[in-house]
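Here is what each chain is made of, one letter per residue.
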Amino acid sequence: MPEFIPGLQLSEAFYREAIAPILDTAFPGLTYAAALIGSGSDVLGYDTERSTDHGWGPRCWLFLPDADDETYRTAIDETLRARLPHTFRDYPTRFSRGAEGVLLPDSPVQHYVLIASLPRFFVQHLGFDPTGKIPVVDWLVCPQQALLEVTCGAVFHDGFGALTMARQRLTYYPDNIWRTLLAAQWQRISQEEAFVGRCSEVGDELGSAVVAARLVREIMRLCFLMEWQYAPYSKWLGTAFSRLTCGPALVPVLCDALHAATWQECERLLSVAYETVARMHNALGITAPLDPRTGHYHGRPFKEQDGRPFTVIHAERFANAIRETIADAMLRAVASYTGGVDQWVDSTDVTTHPERSQRLKQLYGDPG
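Residues numbered from 1 in each chain as written. Predicted model: local features only at pLDDT ≥ 70, side-chain atom pairs only at ≥ 80, totals over all residues. Heavy atoms only, no water.

### Let's talk about the overall build of the protein
Counting secondary structure elements, the protein contains 18 helices and 11 strands. Overall, the C-alpha framework of the protein stretches about 80 × 45 × 35 Å when taken along its three principal axes. Residue burial in the protein is summarised as follows: out of 368 residues, 51% are buried. Considering only intrachain contacts with a sequence separation of at least 6, the fraction spanning at least 24 residues in the protein is 68%. The distance from the centre of the 33 positive side-chain charges to the centre of the 44 negative ones in the protein is 3 Å. (Helix = DSSP H or I, 4+ residues; strand = E, 2+ residues; numbered from the N terminus. Buried < 20%, exposed > 50% of the residue type's maximum accessible area, 1.4 Å probe, protein only. Contact = heavy atoms within 4.5 Å. Lys, Arg positive; Asp, Glu negative; His and termini not counted. Charge placed at Lys NZ, Arg CZ, Asp CG, Glu CD.)

See below:
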């Protein structure tokens with residue numbers, strides 16, 4: 001095995017040393033953009049040697065203006081097939097499609113330089129074209145993972161500026177969308193925050209543990225929103241969370257909550273996390289400050305003798321307060337309860353297929 005080189009680093013060198021010289025010679029004056037964006041752990045910077053067994057290698061996207069796409073795409077593809085080296089930095093540059101379309105190395109069949117017009121790429125990857133106006137509902141039905149994949153990675157060359165401009169527009173949610181997702185995320189916590197203790201009270205320790213794990217995930221995803229970061233899907237959620245500003249403080253608390261010996265200890269640790277994110281909310285300054293203390297469920301907030309003996313943050317307080325700051329009527333009335341698609345759809349067979357998630361626009365009153 002060759003020495004491991006992170007995919008972004010390898011692919012940039014591949015573009016500059018192998019691809020660009022061929023394009024400059026065979027297609028002088030061609031306007032294009034080159035980047036490593038889209039799917040892949042290398043795009044997010046999380047790849048390791050383990051990643052090299054499939055779908056990984058010296059690779060690149062080439063984006064052409066709409067007017068040049070049909071004219072040059074086939075010619076560029078054939079030229080690269082003929083002229084690219086078979087290896088680069090000791091890694092193969094030729095691939096074939098194995099089971100389920102996974103790209104496998106060591107085949108003369110095709111290189112890993114993908115060519116498309118920029119709008120076509122974005123529609124296939126996001127479900128919409130960000131080079132034009134982005135409708136509100138398109139933000140809602142596009143998973144955060146997909147937005148992360150097109151805003152991470154690296155642009156190696158942008159001859160017409162459209163790729164850089166589109167990535168800037170997608171850097172993060174517009175303010176009203178962001179507030180909507182924040183409200184929905186607090187709403188999700190409110191739906192289950194009392195059940196760690198309630199499940200254990202009836203002897204359901206497994207159910208209690210499942211609820212605790214779900215609440216940990218919801219707290220983590222809330223933190224991404226409060227730090228204006230797209231959350232990755234489950235494989236990289238913990239890795240990315242540990243790199244947030246709040247990560248060093250919350251990672252040990254949330255880990256301990258998941259390993260707690262009793263529901264009371266789990267609940268105590270979750271309360272530490274709740275109060276931390278409540279203070280983070282107040283620091284945002286988007287609502288009047290809310291009391292960050294926890295209290296008993298079904299009781300008056302912060303009155304220890306009231307209600308059931310399950311400690312909660314009363315997360316609906318935060319959801320309701322944020323909801324009142326949302327200007328758009330549809331967002332306030334519908335989306336601030338349901339949230340974006342990956343706040344209520346958990347199937348990767350939906351969230352990784354834009355043509356499927358686009359069908360969910362009807363939930364938000366858009367016939368699609």
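Anyway, onward from the coordinates.
### Let's talk about the sheet that holds strand S9 (residues 154–158)
Here we have four strands laid out as an open sheet, ordered S8-S2-S1-S9, and mixed in their pairing. Single-partner strands in this sheet number two, and they are strand S8 (113–117) and S9. Geometrically, the sheet is characterised by an average inter-axis angle of 20° between neighbouring strands, direction not taken into account. Sheet analysis places strand S2 (residues 60–64) next to S8, joined by five bridges and oriented parallel. Paired with Cys60 across the two strands is Val113, which belongs to S8. Packed onto the sheet, helix H1 (residues 7–26) meets strand S1 (33–36), S2, S8 and S9 and runs at close to 15° relative to S9. Packing of helix H7 (residues 162–169) onto the sheet brings it into contact with S1, S2 and S9, and relative to S9 it is tilted by some 145°. (Pairing = 2+ DSSP bridges. Axes fitted to C-alpha atoms, helices over the stretch in contact; angles between N-to-C directions.)

### Description of the side chain of Gln358
Structurally, Gln358 is set in the segment after helix H18 (354–357). Within the structure, the side chain of Gln358 is placed 3.4 Å from the backbone oxygen of Gly127, a separation counted as a polar contact. (Polar contact = N/O pair within 3.5 Å; in protein donor to acceptor, adjacent residues only side chain to side chain.)

### Let's talk about the pairing of S1
Residues of S1 alternate between two faces, with Ala33 and Ala35 on one and Ala34 and Leu36 on the opposite face, all of them buried. In the sheet, S1 pairs with S2 via three bridges, with the strands oriented antiparallel. The partner of Ala34 across the bridge, within S2, is Leu62. Strand direction decides the pairing type here: S1 and S9, joined by four bridges, are antiparallel. Following the sheet pairing, Ala33 is matched in S9 by Asp158.

### Details of the layout of surface pockets
A probe as big as a water molecule, rolled over the atoms, marks out the empty space that is left. Looking at the second largest pocket, its volume works out to about 220 Å³. In terms of lining, the second largest pocket is formed by 15 residues, of which the most central are Leu148, Cys152, Phe224, Gln229 and Tyr230. Among the residues forming the lining of the second largest pocket, the class breakdown is 11 nonpolar, three polar and one charged. (1 Å grid on protein atoms, 1.4 Å probe; cavity = no way out; pocket = protein on both sides within 12 Å on 5 of 7 lines; lining within 4 Å. Points joined across faces, edges and corners; volume = space filled by probe spheres on them. Nonpolar A, V, L, I, M, F, W, Y, C, P; charged D, E, K, R; others polar.)

### Observations regarding helix H11 (residues 234–242)
Since the α-helix advances by 3.6 residues per turn, residues separated by three or four positions end up pointing in the same direction. Taken as a whole, H11 has its buried residues at Trp236, Leu237, Ala240 and Phe241. Take H11 and look down its axis: the buried residues cluster within an arc of 140°, on one side only. Taken together, the buried residues of H11 touch helix H2 (41–44), helix H10 (205–226) and helix H12 (247–258). (Arc of directions from axis to C-beta.)

### Re the pattern of salt bridges
Per the counting criterion, the structure on display carries 17 salt bridges. A salt bridge links Arg188 to Glu218; the nearest nitrogen and oxygen atoms lie 2.9 Å apart. In this pair, Arg188 is assigned in helix H8 (residues 175–192) and Glu218 in helix H10, connecting sequence segments 30 residues apart. For the pair Arg188 and Glu218, a shared accessibility class is recorded, and that class is buried. Shared partners join several salt bridges into a network, and the residues in it are Asp69, Glu70, Arg73 and Arg120. (Salt bridge = Lys/Arg side-chain N within 4 Å of Asp/Glu carboxyl O.)

### Description of the packing of helix H4 (residues 118–126) against helix H6 (residues 144–151)
For the pair H4 and H6, interaxial distance at closest approach is 10 Å and the crossing angle is 150°. Looking at the two axes, H4 sits roughly antiparallel to H6. Taken together, the residues of H6 that come into contact with H4 (itself represented by Phe121, Phe122, His125 and Leu126) are Ala146, Leu147, Glu149 and Val150. Considered class by class, the residues forming the contact of H4 with H6 number six nonpolar, one polar and one charged. (Parallel < 35°, antiparallel > 145°, perpendicular 65-115°, else oblique.)

### With respect to helix H15 (residues 329–338)
Listed as buried for H15 are Leu331, Ala335 and Ser336. Across the axial projection of H15, the buried residues extend over an arc of 105°, all falling on one side. Of the residues flanking the start of H15, the one acting as N-cap is Asp328, its side-chain oxygen 3.0 Å from the backbone nitrogen of Met330. Within two residues after H15, Gly339 carries a phi angle of roughly 85°, on the positive side.

### Comments concerning unusual backbone geometry
Positive phi, close to 70°, is recorded for Asp90, a residue that is not glycine. Residue placement: Asp90 occurs in the loop between strand S3 (87–88) and strand S4 (91–92). Judged by its relative accessible area of 62%, Asp90 is exposed. The residue Trp228 is not glycine, and still its phi comes out positive at about 55°. Look at Trp228 and you get partly exposed, because its relative accessible area is 45%.

### Thoughts on the packing of H10 against helix H13 (residues 263–284)
Two numbers describe a pair of packed helices, the interaxial angle and the distance between the axes. In the contact formed by H10 and H13, the axes pass within 11 Å of each other and the chain directions differ by 15°. Classed by the angle they form, the pair H10 and H13 counts as roughly parallel. Every pair of crossing elements has a handedness; the one defined by H10 and H13 is left-handed. For the pair H10 and H13, the contacting residues are Ser208, Ala212, Leu215, Val216, Ile219, Leu222, Cys223 and Met226 in the first and Trp263, Cys266, Leu270, Ala273, Tyr274, Val277, Met280, His281 and Leu284 in the second. Class assignment for the residues of the contact of H10 with H13 results in 15 nonpolar, two polar and no charged. (Left-handed = near helix turned anticlockwise from the far one by under 90°.)

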